[in-house]
Amino acid sequence: MTSGKGKRYLKNLNHDYFNPAFTHVYVEERVRKHWRTKEILKRLPHATVVTISHYKDIFNRKGQSHIIQQKSQSLILGMKEDNFFYEGSPLCQSFGNDNFYYSSCVMNCMYDCSYCYLKGMYPSGHMVVFVNLEDYFHALSQFLMEKSMYLCVSYDADLTAVEPLVGYTKAWTEFAAKNKKLKLEIRTKSARMEMWESLPCTENVIYAFTLSPQKLIEQCERKTPSEQARIQCAVSGVKKGFSVRLCFDPILYLPGWREEYHALLRNLDDTLKKADICMNDFTDVSVGTFRIAKDYLKKLRRLQQEEAAVQFPFVTVGGTCQYPPGLLEQMEDFLIGELEKRMDREKIYHE
C-alpha cells in the first residue's frame, strides 16, 4: 500500500505538474555573445538564463533522470569544438550512398518516444544546441573539396520539430543548395506544413518522414504528431516538388501489428489518391524492424520498466538487440510485400 507521501510523489510525476520545456536555459560563457545565442534567447523571453563554463557541467552530471527531465526539458547552448561528423552506424541505412556520415548539432529530442536510443546513450534528458553551426559548414566544405558526402543531420534530434526555435533545418538546406556534392537527409516525425513555404526546394536534400500506426504513436511516441498529420505533411512536400522519403523504420511489434500497419497503409493510399499522386512520386521508402545496441537497451529497460516496446524478449546478434528471426522476417516481409503492390521494387530499401 502506498503511503500518503508516496501518493503525493506519484501525483507530482503527472506531466501537468512540470514546467513547460525550456523555462531554463544554460549558456556557455564563450557563446553568450554569439549572434545565434541571442536569436534563440529572443524566442524564449521568459526563460531563466544561467551562465555556465561548459555544457558538460550540466549535461554530463551523474545521477540524472532522463525520464523526469524529458517532462520539463531545459535548453543548453554550447560550442562544438571537434568531431563535427561521424561515420554512419551499420544499424542505419546508407541507401547505397558512399561516404555515409551523420552530424549532431543538436543533442536530444523534444519528442518522448519510449524506444528512443537517445535515452540509452545520453546521461541527460535536457537538450543541447551547438550554436557554432558555421564551424560545421567550414569542416564540411573542406571535406567536399575532396569528395562527396551523404550526411544525416537529424539522428540525435528532430531538427524540424525545433525549427521555430533554432532554425537549423533552413540553415542546413541553404548550405546544401549551394553544395551539390552533398546529399543531405533530414529525418523527422514532425508535421510542420509551413516549412515547405520557407525552405529551399533542392533535389539533394531528402526529408525522411517516419510513419507509424496511430495506436503505436499513442503508446510509444509521446508528443509526436498523429499518423494522419505526418502523412499529410509528407504528401504536401511531394506536391511542392521536394524530395521526400517515407520510413517504415522502425517497425515495432504490438498486438495486432499486421492489422495496424494495414490500416496505416490504407490511410496512406486514401491520402495519396486525394492528392493525385502515387507511391512512386516519393524519392524512396525504407523498411526496417526495431534494433538497438545491447548497452543502450539495457539502460532503457532500467529506466522504463513498464514500457512494453523495450521489455520485449529480443535476441542479441553481434551486440545488437532485435526481434527473433521468425518475427523479424515476418514483419519486414509483410511491409515489403505490401509496398511492392504500390510502387517499384527498386525504390524500396531494406538493409
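The structure under discussion appears in the preceding block.
Residues numbered from 1 in each chain as written. Predicted model: local features only at pLDDT ≥ 70, side-chain atom pairs only at ≥ 80, totals over all residues. Heavy atoms only, no water.

A. Representation of the overall build of the protein chain in the model. Within the protein chain one finds 15 helices and 18 strands. Looking at the protein chain residue by residue over its 351 residues, the buried ones come to 54%. For the protein chain, restricting intrachain contacts to residue pairs at least 6 apart in sequence, the fraction spanning at least 24 positions comes to 75%. Total accessible area on the protein chain stands at roughly 16,400 Å², and carbon and sulfur atoms take up 50% of it. Averaging the locations of the 47 positively and 43 negatively charged side chains of the protein chain gives two centres separated by 7 Å. (Helix = DSSP H or I, 4+ residues; strand = E, 2+ residues; numbered from the N terminus. Buried < 20%, exposed > 50% of the residue type's maximum accessible area, 1.4 Å probe, protein only. Contact = heavy atoms within 4.5 Å. Areas by Shrake-Rupley, 256 points an atom, 1.4 Å probe, with all protein chains shown as cover. Lys, Arg positive; Asp, Glu negative; His and termini not counted. Charge placed at Lys NZ, Arg CZ, Asp CG, Glu CD.)

B. Representation of the environment of Val 287 in the model. Within the secondary structure, Val 287 sits in strand β14 (residues 284–289). Look at Val 287 and you get buried, because its relative accessible area is 0%. Once the C-alpha coordinates of Val 287 and Asp 333 are considered, the two residues, 46 residues apart in sequence, prove to be 9.4 Å apart.

C. Quick look at the packing of aromatic side chains. Using the criterion set out here, one finds 23 aromatic pairs in the structure. A ring pair is formed by Phe 59 and Tyr 122, whose centres lie 5.3 Å apart and whose planes are at 65 degrees; its orientation type is edge-to-face. Placement of Phe 59 in helix α3 (residues 56–59) and of Tyr 122 in the loop between α5 (118–121) and β8 (127–130) is noted, with a sequence separation of 63 residues between them. Tyr 122 carries the same exposure label as Phe 59, and that label is buried. (Phe/Tyr/Trp six-rings, centres within 6.5 Å; stacked < 30°, edge-to-face > 60°.)

D. Here's a closer look at the sheet that holds strand β17 (residues 320–322). Pairing is antiparallel across the open sheet formed by 3 strands, whose spatial order is β15-β17-β16. Pairing within the sheet leaves two strands with one partner each, and these edge strands are β15 (291–293) and β16 (315–317). Neighbouring strand axes in the sheet, compared pairwise and without regard to direction, differ in orientation by 35 degrees on average. (Pairing = 2+ DSSP bridges. Axes fitted to C-alpha atoms, helices over the stretch in contact; angles between N-to-C directions.)

E. Quick peek at the layout of surface pockets. Within this model, the second largest pocket holds a volume of roughly 270 Å³. Residue lining of the second largest pocket: Ile 67, Lys 71, Asp 112, Arg 222, Leu 303, Gln 304, Gln 305, Glu 306 and Glu 307, and that is the complete set. Tallied by class, the residues present in the lining of the second largest pocket amount to 2 nonpolar, 2 polar and 5 charged. (1 Å grid on protein atoms, 1.4 Å probe; cavity = no way out; pocket = protein on both sides within 12 Å on 5 of 7 lines; lining within 4 Å. Points joined across faces, edges and corners; volume = space filled by probe spheres on them. Nonpolar A, V, L, I, M, F, W, Y, C, P; charged D, E, K, R; others polar.)

F. Main features of the sheet that holds strand β5 (residues 100–102). Taken in spatial order, the 8 strands make up an open sheet running β4-β5-β9-β10-β11-β13-β14-β18, and their pairing is mixed. Looking at strand neighbours, the two that pair on one side only are β4 (86–87) and β18 (348–350), the edges of this open sheet.

G. Fine view of helix α2 (residues 35–42). Residues of α2 that are buried: Arg 36, Thr 37, Ile 40 and Leu 41. Taken end-on, α2 shows its buried residues confined to a sector of 135 degrees, consistent with a single buried face. (Arc of directions from axis to C-beta.)

H. Quick look at the packing of helix α6 (residues 133–144) against helix α8 (residues 168–177). Running from N to C, α6 and α8 point in directions that differ by 25 degrees, and their axes come no closer than 12 Å. Between α6 and α8, the crossing angle belongs to the class labelled roughly parallel. With respect to the hand of their crossing, α6 and α8 are arranged in right-handed fashion. When α6 is examined against α8, the residues Leu 133, Tyr 136, Phe 137, Leu 140, Ser 141 and Leu 144 are found in contact with a partner set consisting of Tyr 168, Ala 171, Trp 172 and Phe 175. Looking at side-chain class alone, the contact of α6 with α8 contains 9 nonpolar, 1 polar and no charged residues. (Parallel < 35°, antiparallel > 145°, perpendicular 65-115°, else oblique. Left-handed = near helix turned anticlockwise from the far one by under 90°.)

I. Structural view of the pattern of salt bridges. Evaluated as defined, the whole model comprises 18 salt bridges. Between Arg 245 and Glu 185 there is a salt bridge, with the nearest N and O atoms lying 2.8 Å from each other. Of this pair, Arg 245 sits in strand β13 (residues 243–251) while Glu 185 sits in strand β10 (residues 182–188), and the two are 60 residues apart along the sequence. Glu 185 matches Arg 245 in its accessibility class, with the two residues each being buried. (Salt bridge = Lys/Arg side-chain N within 4 Å of Asp/Glu carboxyl O.)

J. Looking closely at the pairing of β10. Counting buried positions over the 7 residues of β10 gives 6, a clear majority of the element. The pairing of strand β9 (residues 149–152) with β10 spans 4 bridges and is classified as parallel. Bridge pairing in β10 links Cys 152 to Glu 185. Bridge analysis of β10 against strand β11 (residues 205–210) gives 5 bridges, and the strand direction is parallel. Paired with Ile 186 across the strands is Tyr 207, a residue of β11.

K. Region of the structure containing the packing of helix α11 (residues 227–239) against helix α12 (residues 257–275). Between α11 and α12, the least distance of the axes is 10 Å, while the angle of their chain directions is 35 degrees. Crossing hand, α11 versus α12: right-handed. On α12, the residues touching Glu 227, Gln 228, Ile 231, Gln 232, Val 235 and Lys 239 of α11 are Ala 263, Leu 264, Asn 267, Leu 268, Thr 271, Leu 272 and Ala 275. The residue makeup of the contact of α11 with α12, split by class, is 7 nonpolar, 4 polar and 2 charged.

L. Region of the structure containing the state of the cysteines. Under the counting rule described, the total for this entry stands at 0 disulfides. Among the cysteines around Cys 113, which has no disulfide bond, Cys 116 carries the closest sulfur, lying 6.3 Å off. (Disulfide = S-S within 2.5 Å.)

M. Spotlight on the environment of Glu 307. Turning to its location among the elements, Glu 307 is positioned in the loop between α13 (294–303) and α14 (308–311). Each C-alpha atom, one on Glu 307 and one on Ser 114, is 6.8 Å from the other, the two residues being 193 residues apart in sequence. Once residues within four sequence positions are removed from consideration, Glu 307 is found in contact with Ser 114, Gln 219 and Arg 222.

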